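The lines below spell out each chain.
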Amino acid sequence: MVADFTLAPAVSSDAAGLISLRAGVVAEGEFLVAEPGEFVVSIEAMIVRIRAGDAAPGSSRCLFVARARHQVIGVVEVQPGAFRRNRHVGHVEVLVRRDWRGRGVGRALMERMIEWAGTSAVRKLALAVYAHNLPAIALYRSLGFVEEGRRVGEYAFPDGSVRDDLLMARAVGR
Ligand SMILES: CC(C)(COP(=O)(O)OP(=O)(O)OC[C@H]1O[C@@H](n2cnc3c(N)ncnc32)[C@H](O)[C@@H]1OP(=O)(O)O)[C@@H](O)C(=O)NCCC(=O)NCCS
């Protein structure tokens, strides 16, 4: 069955939906570094981020959303490095709402982002993922991302356990 969703660059009216999506993933406690209470973004700040991520050709930022029934159900964002020497590196983050996972949304968002990257100033796509996040790692590997390194014990969880971070990347084909 083909899931019924659309992809588009985010617009200002997506701001509340984007905040809600991220807050939901943060609340799951499994996939992002921020814990509930550590994620605070205003609508105004999100609108600034949306406008910066307009995905224009030659730019270094994009913010694509997946929508279903007028709700934001997924997002992929690329932000460049902060300096001249690393601004060719686009840092990727992808999130899909829990009830929409496993239906092709994450792959569609990543493929749209990679297509955009080919028109952008980004030369390398990079990301960090918890080493235990096997669905995300499988998706990234299938799209040509390779492991560049592992930060052992990078994160300490409230239950006393520590988890590793995997650094993955791929070149942007031109
Ligand atoms: C990772 C994530 C974005 C994938 O999105 P999704 O919409 O569920 O993924 P898709 O349905 O498009 O599946 C894409 C691939 O992911 C992998 N995958 C998805 N669900 C999986 C699962 N339960 N177990 C193993 N692999 C899985 C498969 O390789 C799948 O390949 P396929 O297209 O051949 O089936 C989504 O699970 C998510 O938002 N997770 C929480 C947030 C997160 O971890 N983000 C990444 C932070 S680095």
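These remarks concern the structure in this document.

Reading guide: rules and limits
- Every chain's residues receive numbers from 1 upward, in the order its sequence appears when written.
- Only residues with pLDDT of at least 70 are given local features in this predicted model, and only at 80 or more are side-chain atom pairs given and counted; all residues enter the totals for whole chains, interfaces and linings.
- Processing note: side-chain calculations cover all non-hydrogen atoms of the structure and skip hydrogens and water entirely.
- Throughout, the term near means that a residue has one or more heavy atoms lying within 4 Å of the molecule or strand in question.
- Counted as a polar contact is a pair of N or O atoms within 3.5 Å, where, for protein atoms, one must be capable of donating a hydrogen and the other of accepting one, and residues adjacent in sequence contribute only when both atoms are in side chains.
- Here the accessible surface of atoms and residues is derived via Shrake-Rupley with a 1.4 Å probe, and residues count as covered only by protein chains that are part of the display.
- Strands here are runs of E lasting at least two residues and helices are runs of H or I lasting at least four, both read from the DSSP assignment and numbered beginning at the N terminus.
- Basically, the charged four are Asp, Glu, Lys and Arg, the nonpolar ten are Ala, Val, Leu, Ile, Met, Phe, Trp, Tyr, Cys and Pro, and anything else, Gly included, counts as polar.
- Each residue gets one of three labels from its accessible area relative to the maximum for its type: buried under 20%, exposed over 50%, partly exposed in between, using a 1.4 Å probe on protein chains only.
- For two strands to count as paired, DSSP must find a minimum of two bridges between them.
- A crossover gets the label right-handed when its path from the first strand over the helix to the second runs clockwise, viewed with the strands pointing away from the viewer.
- Within this document, salt bridges are pairs made up of a side-chain nitrogen of Lys or Arg and a carboxyl oxygen of Asp or Glu, the two lying within 4 Å of each other.

### Considering the site of the ligand
Residues in close proximity to the ligand total 20 residues, the closest being V96, G102, G106, R107 and N133. Between the ligand and N133, the relevant distance is 2.7 Å, taken from an oxygen atom to a side-chain nitrogen or oxygen of the residue. Considered on its own, the ligand offers 920 Å² of accessible surface; in the complex 72% of this is hidden by protein. Looking at the shell around the ligand, the element that brings in the most residues is helix 4 (residues 134–142), giving five residues. The residue makeup of the shell around the ligand, split by class, is 13 nonpolar, four polar and three charged.

### Details of the pairing of strand 5 (residues 124–130)
Of all seven residues in strand 5, five are buried, a share of seventy percent or more. Note that strand 4 (residues 89–96) and strand 5 share three bridges and pair parallel. Opposite H91, over in strand 5, you have A126 as the bridge partner. Regarding topology, helix 3 (residues 105–117) serves as the crossover connection from strand 4 to the parallel strand 5, and that connection is right-handed. Pairing geometry for strand 5 and strand 7 (residues 162–171), over seven bridges, is antiparallel. Note that in strand 7 the partner of L127 across the bridge is M168.

### Details of the pattern of salt bridges
One pass over the structure, following the stated rule, counts twelve salt bridges. Its salt-bridge partner being R151, residue E154 comes within 3.9 Å of it at the nearest N-O pair. Salt bridges sharing partners connect three or more residues here, namely E28, R98 and R101.

So, to be careful, I would describe these as geometric facts and stop short of saying anything about function.
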